[in-house]
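# A look at the structure
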Amino acid sequence: MIQAIETILADIPTVRAHKLSVATMQSQTLVLVRIRCRDGIEGWGEATTIGGLNYGDESPESIKVNIDTHIAPLLLGMTADNVAACMARVRKVIQGNRFAKCAIETALMDAQGKRLGVPVSDLLGGRLRDALPVAWTLASGDTRKDIAEAEAMLEQRRHRIFKLKIGARSVEDDVRHVLAIKKALGDAVSIRVDVNMAWSELEAQQGIAALQAGGIDLIEQPVRSEQSAALARLSRRFTVPMMADEALKGPLSALSLVGEAAASVFAIKIAQSGGLVPARLAADIAQLAGVSLYGGTMLEGAVGTAASAHLFSTFDDLSFGTELFGPLLLTQEILAEPLVYRDFMLQVPTGPGLGIQVDMDRLDALRRR
Ligand code: MUC
Ligand code: MG
């Protein structure tokens, strides 16, 4: 039986400023959910977002208040070992709030996995891989610093896929920045860009033509999420693949994006999809339609990253890898044993549930009071 649901906010400085077209992050606010059950088992979930309300329509504070006030009371007293029944109840009466729902579903699955002695990847159908390729985002805002950072990552064998955040400067400046990095790092690495919706269709035509000619591998969400027709036109016009990110808000949007042939790659994110099961459905729709998969992040800490890793390990196609580097962007660890990154890959935890242990002393020192 579900006995207690607690929502915890923790502000953690990032290792450097992380500049997106929609926000500059100096710190990240982890939104963690802890569900305690009467059998003594507890589960953890995460609903972290980026830049308050700059990126999505749920803020850390709104997620906490909505879980505490509206979602937790629906679940208290319910049987904890039927995750589907719990989530059906939440999804029936709670509109929107996909991040909050994701944290709740993750925590219930973590608890259920521990109860059954199996990893969450087993509850999601079973893993096809034990390690996932992990991209790093170069977003210091400075071309030379980004090159030095990428070289250090290559040297440490941490990352060889780099995503560049663009869209805050002029198209010409952004193209110059990206191509300088591509030239410095050479063809052994994959360079991709994320525009975070900053371009008009005409700017996108101009920018993508130059990026495609310069050998860039992937263009993420160049135009606004509502403009799926423009994304579809860009997909037809260029051979470099377009990836949908902000436009993908769960299975229904996956269905309409594949119907419009808007993108040839989907960035699957568990929180944007509204949970692990809806994210799995969105990925299935993509696969059925021949759309390739990429494992995305909302720059979550270790809990959301581990949960995402369990899901992505079940994907048949993961041709564009993942970007599950969130914990590496943070200056503080909240796990007793950190997630393992080695040889350009994140190792998917193998223990029951999420296979991680939150260090309560560390988290208590960081949490908002
Ligand atoms: C996004 O839009 O993809 C993922 C990696 C990163 O640096 O920012 C996020 C959000
Ligand atoms: Mg993105």
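Residues numbered from 1 in each chain as written. Chains lettered and ligands numbered in written order. Predicted model: local features only at pLDDT ≥ 70, side-chain atom pairs only at ≥ 80, totals over all residues.

An unreviewed UniProt entry annotates the chain as Muconate cycloisomerase of Noviherbaspirillum suwonense. Its UniProt record gives the chain the following Pathway (unreviewed entry) comment, quoted word for word: "Aromatic compound metabolism." Database annotation for the chain, UniProt heading Cofactor (unreviewed entry): "Mn(2+)". (UniProt positions renumbered as here; feature names shortened; annotations may be inferred.)

Read from one edge to the other, the open sheet built from three strands follows the order S1-S2-S3, with strand pairing classed as antiparallel. The open sheet has two free edges, formed respectively by strand S1 (2-19) and strand S3 (42-46), since each of these has just one partner strand. Across the sheet, the mean angle separating the axes of adjacent strands is 20° when strand polarity is ignored. Taken strand by strand, helix H1 (residues 60-75) contacts S1 and strand S2 (24-37), and its axis lies near 165° from that of S1. (Pairing = 2+ DSSP bridges. Helix = DSSP H or I, 4+ residues; strand = E, 2+ residues; numbered from the N terminus. Axes fitted to C-alpha atoms, helices over the stretch in contact; angles between N-to-C directions. Contact = placed C-beta atoms within 7 Å.)

A few words on the environment of Ala 47. Take Ala 47: it is sitting in the loop between S3 and H1. For the pair formed by Ala 47 and Val 348, sequence separation is 301 residues and the distance between their alpha carbons is 20 Å. With residues near it in sequence (within four places) discarded, Ala 47 still touches Val 31, Val 33, Ile 63, Phe 99, Ala 100, Cys 102, Ala 103 and Ala 271.

In this section: the site of ligand 1. Lining the immediate environment of ligand 1, one finds Ile 50, Thr 137, Ala 139, Asp 194, Asn 196, Asp 245, Gly 296, Thr 297, Leu 299 and Glu 323. Taken together, the residues that form the shell around ligand 1 break down as three nonpolar, four polar and three charged. (Near = placed C-beta within 6 Å. Nonpolar A, V, L, I, M, F, W, Y, C, P; charged D, E, K, R; others polar.)

This part covers the packing of helix H5 (residues 143-155) against helix H6 (residues 171-185). Where H5 contacts H6, the two axes come as close as 10 Å, and the packing angle between them is 35°. In this structure, H5 crosses over H6, and the sense of that crossing is right-handed. Contacts from Thr 143, Asp 146, Ile 147 and Ala 150 of H5 reach H6 at His 177, Ala 180, Ile 181, Ala 184 and Leu 185. The residue inventory of the contact of H5 with H6, partitioned by class, reads six nonpolar, two polar and one charged. (Left-handed = near helix turned anticlockwise from the far one by under 90°.)

Another point: the pairing of S2. With ten of 14 residues buried, S2 lies mostly within the body of the structure. As judged from the 13 bridges shared by S1 and S2, these two strands associate in the antiparallel manner. Of the residues in S2, the one forming a bridge with Ile 8 is Leu 32. Linking two consecutive strands that pair antiparallel, namely S1 and S2, is a turn of four residues. With five bridges connecting them, S2 and S3 associate as antiparallel partners. In the sheet register, Val 33 faces S3, and the bridge partner there is Gly 45. The turn linking S2 back onto S3 is made up of four residues, and Gly 40 within it adopts a positive phi angle of 90°. (Buried ≥ 20, exposed ≤ 12 C-beta atoms within 10 Å, placed from the backbone.)

Below, the discussion takes up the nonpolar core. Counting residues in each nonpolar core, the largest one holds 116 residues, and the members touching the most others are Val 33, Met 243, Ala 244, Ala 263 and Phe 266. No other element matches helix H3 (residues 98-116), which puts nine residues into this core. Discounting chain neighbours no more than four positions away, the residues touching Met 243 are Leu 218, Ile 219, Glu 220, Gln 221, Ala 263, Val 265, Phe 266, Ala 267 and Tyr 294. (Core = buried A, V, L, I, M, F, W, Y, C linked by C-beta atoms within 7 Å.)

Mapping Gly 296 onto the fold places it in the loop between strand S11 (292-295) and helix H12 (302-312). Separated by 28 residues in the primary sequence, Gly 296 and Leu 324 have C-alpha atoms spaced 6.8 Å apart. In this view, Gly 296 contacts Asp 245, Ala 267, Ile 268, Lys 269 and Glu 323; residues no more than four positions away in its chain are not counted.

Along helix H8 (residues 228-237), the residues classified as buried are Ser 228, Leu 231, Leu 234 and Ser 235. An end-on view of H8 places all buried positions within 115° of arc, on one side of the element. Across H8 from its buried face, at more than 90 degrees, point the exposed residues Ala 229 and Arg 236. (Arc of directions from axis to C-beta.)

A separate point is the sheet that holds strand S4 (residues 131-133). Ordered by their spatial adjacency, three strands build an open sheet running S4-S13-S12, and the pairing between neighbours is antiparallel. The open sheet terminates on both sides in strands that have one partner only, identified here as S4 and strand S12 (341-342). Where S4 lies against strand S13 (residues 345-347), three bridges are found, and the strand directions are antiparallel. Looking across to S13, one finds that Leu 132 is bridged to Leu 346.

On to the packing of H1 against H3. Two numbers describe how H1 lies on H3: the axes approach to 9 Å, and their chain directions differ by 65°. Viewed along their axes, H1 and H3 adopt a mutual orientation that is roughly perpendicular. As for how H1 packs across H3, the hand of that crossing is right-handed. Residue-level contacts link Ile 63, Asn 66, Ile 67 and Ile 71 of H1 to Phe 99, Ala 100 and Ile 104 of H3. Of the residues assigned to the contact of H1 with H3, the class counts are six nonpolar, one polar and no charged. (Parallel < 35°, antiparallel > 145°, perpendicular 65-115°, else oblique.)

Here the focus is helix H2 (residues 83-93). Along H2, the residues classified as buried are Val 83, Cys 86, Met 87 and Val 90. Viewed along the axis of H2, the buried residues span an arc of 90°, placing them on a single side of the element. With respect to the buried face of H2, the exposed residues turned more than 90 degrees away are Ala 84, Ala 85, Ala 88, Lys 92 and Val 93. Close packing links the buried residues of H2 with H1 and H3.

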